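Breakdown of the fold
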Amino acid sequence: MHWTEMYPEELKECMAEAGEKPFRGVQLFEGHHGKRKALEEMSNIPDRLAKKLGDAPYAVRIVKRLASKLDETKKYLYRLHDGEIVEGVLMRYHHGYSLCVSSQVGCKMGCRFCVSTRGGLIRNLRPYEMLDQVYAVEAREGISISNVILMGSGEPLDNYDHVLRFLRLLHDPKGKNMSYRNMTISTSGVVEGIDRLAEEDIPVNLAVSLHETDQSARKKIMPIAARYPLEELMRALRRYADRTGQRITFEYTLIRGKNDGERNIREMQSLLRGLPAHINLIPLNPTDHYDESRPAREEILRFQRELSQKGLSCTIRRELGSDIQASCGQLKAGCEAEETR
């Protein structure tokens with residue numbers, strides 16, 4: 001593990017083992033994560049120690065930045081040390097800036113309407129590669145990001161240990177000091193990951209990609225449902241809610257004529273009965289790789305209205321950055337990136 005991925009206590013132990021004063025570990029952590037200084041810029045770190053450590057690993061570099069003309073959304077292409085590309089999206093809300101962060105290069109979940117899974121999983125991102133997505137955008141835009149959403153390419157719970165270390169490093173008071181309540185993990189339904197997360201005792205938000213209310217239909221658009229059937233997933237989510245006391249968000253992509261009917265409304269009510277939940281409706285975003293279409297606006301509003309009449313908390317996701325393909329399901333790693341001028 002590189003020193004930029006260590007917690008302050010781990011760095012103190014590392015310094016002691018190297019024959020240095022343990023407090024140097026705290027200085028390193030604060031310098032890198034809090035003040036965002038390169039090793040050679042940390043005036044309180046002796047040259048001999050800097051030479052032992054070597055600088056922070058090259059993590060991500062923004063190689064393309066697209067700004068929406070419709071709103072303040074921006075999409076970034078990051079090049080990693082091995083030449084792989086991942087994407088991120090910066091969104092501005094009244095409460096501050098939110099960054100959609102990638103956790104893997106590619107994805108193996110295979111959701112039919114999601115572009116980033118088409119090439120399969122290439123590799124997991126390390127904690128410093130996720131952190132550097134945040135740090136690079138903050139430096140590029142001169143802002144402070146208040147929320148992170150692990151909803152870029154990849155399944156966060158398939159990269160569990162690295163994702164949890166990323167969140168804990170982001171939360172540390174000596175670094176970014178971001179509240180866990182401002183962090184969201186989005187999952188397609190990895191049951192053992194949900195159960196592990198429930199035991200962590202950290203109040204991160206959990207968003208679940210549901211997209212269908214019937215097991216056989218869900219399997220057709222989300223192959224992960226074959227491994228984690230809907231009934232098993234819902235049991236895990238009830239355990240999570242009981243353990244944490246938190247409300248669960250259900251992401252539901254509306255596909256015309258597929259999952260937007262009366263059947264779905266009845267099944268949704270049955271699935272979520274007694275569960276603290278919020279439904280986030282996402283009209284299908286167009287891609288070249290999925291032939292289905294979104295419902296008409298009046299049908300989307302009808303679906304929301306009928307869910308609300310059943311007593312379910314439900315909103316339609318505000319569409320951001322659609323002109324730069326920054327919407328849900330449209331992020332695609334591995335494209336040709338041009339150096340940002």
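- Naming follows an unreviewed UniProt entry, where the protein appears as Probable dual-specificity RNA methyltransferase RlmN of Aedoeadaptatus ivorii.
- The record in UniProt for the protein states the following under Subcellular location (unreviewed entry): "Cytoplasm".
- What UniProt records for the protein under Sequence similarities (unreviewed entry) is the sentence "Belongs to the radical SAM superfamily. RlmN family."

Description of helix α2 (residues 23-34)
- Taking 1.5 Å of rise per residue, the 12 residues of α2 would be expected to cover 16 Å, and the 15 Å separating its terminal C-alpha atoms lies within 8% of that figure.
- Burial runs high along α2: nine of the 12 residues are buried.
- Among the residues of α2, those classed as buried are Arg24, Gly25, Val26, Gln27, Leu28, Phe29, Gly31, His32 and His33.
- The positive-phi residue at the C-terminal boundary of α2 is Arg36, with phi of around 60°.

Considering the environment of Asp201
- For Asp201, the position within the fold is in the loop between α6 (191-198) and β9 (205-209).
- With 42 residues separating them in the primary sequence, Asp201 and Arg243 have C-alpha atoms 8.9 Å apart.

Observations concerning the domain arrangement of the protein
- Domain parsing of the protein yields domain 1 (3-53) and domain 2 (61-316).
- Here the C-alpha centroids of domain 1 and domain 2 sit 34 Å apart.
- Approximately 1,200 Å² of surface area, both sides summed, lies buried where domain 1 meets domain 2, with 54% of it carried by carbon and sulfur atoms.
- A per-residue breakdown of the area domain 1 buries against domain 2 is headed by Glu5, Tyr7 and Arg36, which together make up 53% of the total.
- For the pair domain 1 and domain 2, the number of links is three salt bridges.
- One salt bridge in this structure joins Glu10 and Arg165, with 2.8 Å as the shortest N-O distance.

Description of the UniProt feature "binding site: S-adenosyl-L-methionine" (unreviewed entry) in the protein
- The sites that UniProt annotates as "binding site: S-adenosyl-L-methionine" (unreviewed entry) are Gly154, Glu155, Ser186, Ser209, Leu210, His211 and Asn285.
- With relative accessibility at 2%, the residue Glu155 sits in the buried group.
- Sequence-distant contacts of Glu155, that is, excluding residues within four places in its chain, are made with Ser103, Gln104, Cys107, Met109, Ser186, Thr187, Ser188, Gly189 and Val190.
- The residue His211 is located in the loop between β9 and α7 (215-221) in this model.
- On the accessibility criterion, His211 (4% relative accessible area) is buried.
- His211 has contacts with Phe113, Ile221, Met222, Glu251, Tyr252, Thr253 and Asn259, leaving out every residue within four places of it along the chain.

With respect to the packing of aromatic side chains
- Taken as a whole, this structure holds two aromatic pairs when the rule is applied.
- Geometrically, the ring pair formed by Tyr76 and Tyr78 is stacked, given 6.3 Å between the ring centres and 20° between the ring planes.
- Of the residues examined, Tyr76 reaches a relative accessible area of 0% and is grouped as buried.
- The interplanar angle of 10° and the centroid separation of 5.9 Å between the aromatic rings of Tyr252 and Phe303 together place this pair among those described as stacked. Placement of Tyr252 in strand β10 (residues 248-254) and of Phe303 in helix α11 (residues 297-309) is noted, with a sequence separation of 51 residues between them.
- Look at Phe303 and you get buried, because its relative accessible area is 0%.
- If you follow Arg165 out to its NZ or CZ, it ends over the ring of Tyr7, 4.1 Å from the centre.

Overview of the state of the cysteines
- If you walk through the whole model with that rule in mind, you get zero disulfides.
- The closest cysteine sulfur to the non-disulfide-bonded Cys114 is located on Cys111, 6.2 Å from its own sulfur.

Remarks on the environment of Gly274
- Looking at where Gly274 falls in the secondary structure, it is placed in the loop between α10 (262-272) and β11 (277-283).
- Considering only alpha carbons, one finds Gly274 and Val26, 248 residues apart in sequence, at a separation of 46 Å.

Conventions used here
Residues numbered from 1 in each chain as written. Predicted model: local features only at pLDDT ≥ 70, side-chain atom pairs only at ≥ 80, totals over all residues. Heavy atoms only, no water. UniProt positions renumbered as here; feature names shortened; annotations may be inferred. Helix = DSSP H or I, 4+ residues; strand = E, 2+ residues; numbered from the N terminus. Expected span 1.5 Å × (residues − 1). Buried < 20%, exposed > 50% of the residue type's maximum accessible area, 1.4 Å probe, protein only. Domains from an automatic or database assignment. Buried area = accessible area lost by both parts, 1.4 Å probe. Salt bridge = Lys/Arg side-chain N within 4 Å of Asp/Glu carboxyl O. Contact = heavy atoms within 4.5 Å. Phe/Tyr/Trp six-rings, centres within 6.5 Å; stacked < 30°, edge-to-face > 60°. Lys NZ or Arg CZ within 6 Å of the ring centre and 35° of its normal. Disulfide = S-S within 2.5 Å.

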